[in-house]
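# Structural description and commentary
Listed below are the residues making up each chain.
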Amino acid sequence: MPSHLFADRPAQPPEPGSVDALISQTRRLRGDVDAVRRDTVVDDDDAQGRWQRALCDLAVHHLDDLREHLGQLKEGLPPVPEAAAFPQAAPEVAPEVQTRVGSAEWNLLTDEVSWSDELFQIFGRSPESGALPLDELGSTLFSEDQPLLTAWVTACLVDGRPIDGEFRIVRADGRVRTLHMRGEPVLDSDGCTASMWAVLRDVSELRRSQRAVRESRDSLQRQREIAQTEHRLAVELQEAVLPPWRGSLRFPHSDAGTLDVAAHYLPSATSALIGGDWYDALELPDGCSMLTVGDLTGHGVTATSGMAMMLGALRGMAMAGIAPGPLMGWLNQLLETSVQPALGSAVCCRYDPARRVLSWAQAGHPAPLLFRRGSGRALTPPEGVLLGATSGATYGQAEERLEVGDLLVLHTDGLTPRSIEFSRADGTERLLALAPRLSAARSARDCVRLVVEEFAESEREDDACVLVARVGG
């Protein structure tokens, strides 16, 4: 029943063709959104995917509501005179939305109650059981919602205030539904309230979709905040553990066989993945030098804390005089017994400046590259499996005699993107192709700069480290 508030505003009915066009557009848009929703693959741990799916569900519910309202608008249009002789097809409304909106009127003078068929379906009541009067309507509500409805009805009937609010009902079959009620008083000729009309809309699915959107958005926000915190902690831990020196480092301090060393850390393409890559160079008590690069699987605080443990153990064993081969065996045992299981790859070199001999071992890692007189090659790797891959693994040790002017390049395999198009061998070939330019460089720092420039444009999925050592006279 129209409200007395709008009695002096004659409605202008829309053209039938325009409503049909809107219904068609809504139906097409609903199909498009539903297709996007079906194509959205959601994993249990994918908070962003759940949020996107919830938004699609909410959009579908809004479009269903819009199509229903347009269908009701079309039903209320006056018939077109030219087509009056032809039967009118029923509007296409999905079964699940036919019972979403119902209407009611409560006559205060005659105590008559009129409910639409849709409202009976919303409340789960049969028309034979009769419509509920106002004083019994609250019995179907949640106990905490009953005072709200009482206050709204009183304000409507006594003060003439319109009703616009939501409450929850429990149907006879035990199902809980959320209804949105809009109602107004109808005044008689004396200005007194004669009846109250209302339109009730079942918004249960809509509110459920909105709640899912909020929950998934909040979950996504929490995950992002956690990720940002973990990223900050990982960066701080990495900066605290990796060598503080920048530029070139020269040792030992004696004139014979001095090494000019420089290194650089290259973040991943997104800078969001902080991995367990490390590099280090130490002057040992016996006058030798230790060079190492390595990588632990994983990302974030777990990977960087594991890297800190491994690098600390490696430094301690190298200072204690343990040779590279046995040292790798101890690192493997350490990784096996750690609380956070992981796999790692590493290369460890011990350089004796007096003999100019490099002793080295590797654990599933790219071999060092040796550049001499304008050409380069990868050293032949001794036996060595990934750290943490098997218990009691033994690691071989190889030796290489170096010459004045030789250049060693150690790197982790994240230097190049790993995909069908690129492999570890591709990264090695690109480095070896730099031989003429590396040989012409004046210092280890300049060599590192050349490598960084060469691989700066690579879309690396992982971070990487590169270390360069040049043998002096």
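Every chain's residues receive numbers from 1 upward, in the order its sequence appears when written. Owing to the predicted nature of the model, reporting of local features is limited to residues with pLDDT of at least 70; listing and counting of side-chain atom pairs is limited to 80 or more, with chain, interface and lining totals taken over all residues. Only hydrogens and water are removed before side-chain values are computed, so all heavy atoms of the structure are retained for them.

### Some details on a negative patch on the surface
Nonpolar side chains (Val, Leu, Ile, Met, Phe, Trp, Tyr) within 5 Å and like charges within 9 Å form the patches, drawn only from residues with over 30% relative accessible area and no salt bridge. Only the protein chains shown count as covering a residue, and every accessible area follows the Shrake-Rupley method with a 1.4 Å probe. Salt bridges are defined by distance alone: a side-chain nitrogen of Lys or Arg within 4 Å of a carboxyl oxygen of Asp or Glu. Under this rule, positive means Lys or Arg and negative means Asp or Glu; His and the chain ends count for nothing. One atom stands in for each charge, and that atom is NZ of Lys, CZ of Arg, CG of Asp or CD of Glu. On the surface, a cluster of negative charge is made up of Asp-111, Glu-112, Asp-135 and Glu-136. When a residue's accessible area, from a 1.4 Å probe over protein chains only, is under 20% of the maximum for its type it is buried; when over 50% it is exposed; and in between it is partly exposed. Accessibility expressed as a relative area gives 69% for Asp-135, which makes it exposed.

### So, the packing of helix α7 (residues 204-241) against helix α8 (residues 301-319)
Two numbers describe a pair of packed helices, the interaxial angle and the distance between the axes. Two elements in contact, α7 and α8, have axes whose closest approach is 8 Å; the angle formed by their N-to-C orientations is 15°. What the angle tells us is that α7 and α8 run roughly parallel. Relative to α8, α7 is oriented so that their crossing is left-handed. Note on element contacts: α8 touches α7 through Val-301, Thr-304, Ser-305, Met-307, Ala-308, Leu-311 and Arg-315, opposite Glu-230, Leu-233, Ala-234, Leu-237, Gln-238 and Val-241. Only Asp, Glu, Lys and Arg are considered charged in this grouping, and only Ala, Val, Leu, Ile, Met, Phe, Trp, Tyr, Cys and Pro are considered nonpolar; every other residue, Gly among them, is considered polar. The class makeup of the residues in the contact of α7 with α8 is 8 nonpolar, 3 polar and 2 charged. Axes, fitted as lines to C-alpha atoms, cover a helix only where it is in contact. Angles between the N-to-C directions of the axes lie from 0 to 180 degrees. Strands are runs of DSSP state E lasting at least 2 residues, helices are runs of H or I lasting at least 4, and numbering of each runs from the N terminus. In what follows, roughly perpendicular refers to angles from 65 to 115 degrees, roughly parallel to angles under 35, roughly antiparallel to angles over 145, and oblique to any angle outside these ranges. A crossing counts as left-handed when the near helix is turned anticlockwise from the far one by less than a right angle, and as right-handed when that turn is clockwise. Contacts are assigned to residue pairs that have any heavy atoms within 4.5 Å of one another.

### A closer look at the packing of α8 against helix α9 (residues 324-336)
Here α8 crosses α9 at 145°, and the two axes come no closer than 10 Å. With respect to the hand of their crossing, α8 and α9 are arranged in right-handed fashion. Every residue of α9 that contacts α8 at Met-309, Met-310, Ala-313, Leu-314, Met-317 and Ala-318 is listed here: Leu-327, Trp-330, Leu-331, Leu-334 and Leu-335. Across the contact of α8 with α9, the residue classes tally to 11 nonpolar, no polar and no charged.

### Focus on the pairing of strand β4 (residues 176-187)
Counted residue by residue, β4 has 9 buried out of 12 residues, so it is predominantly covered. Across 8 bridges, strand β3 (residues 163-170) lies against β4 in antiparallel orientation. If you follow Gly-165 over to β4, its bridge partner there is Met-181. Any two strands between which DSSP finds at least two bridges are classified as paired. Pairing of β4 with strand β5 (residues 193-202) involves 9 bridges; the strand directions are antiparallel. Within β5, the position partnered with Pro-185 by the bridge is Met-196. Turn length for the β4-β5 hairpin, with the two strands adjacent in sequence and antiparallel, is 5 residues, and the turn residue Gly-191 shows positive phi of about 85°.

### Comments concerning the packing of aromatic side chains
Aromatic rings considered in pairs are described by the distance between their centres and by the relative angle of their planes. Aromatic pairing here means that ring centres of Phe, Tyr or Trp (its six-membered ring) are within 6.5 Å. Orientation follows from the plane angle: under 30 degrees is stacked, over 60 is edge-to-face, and everything else is tilted. Under the counting rule described, the total for this entry stands at 3 aromatic pairs. Centroid distance Trp-115 to Phe-120: 5.3 Å. Interplanar angle 55°. Geometry classified as tilted. Accessibility expressed as a relative area gives 7% for Phe-120, which makes it buried. Ring plane angle 40° and centroid distance 5.0 Å describe the contact between Trp-115 and Phe-123, whose orientation is recorded as tilted. You can call Trp-115 buried: its relative accessible area is 9%. Take Phe-123: its relative accessible area is 3%, and that puts it in the buried class.

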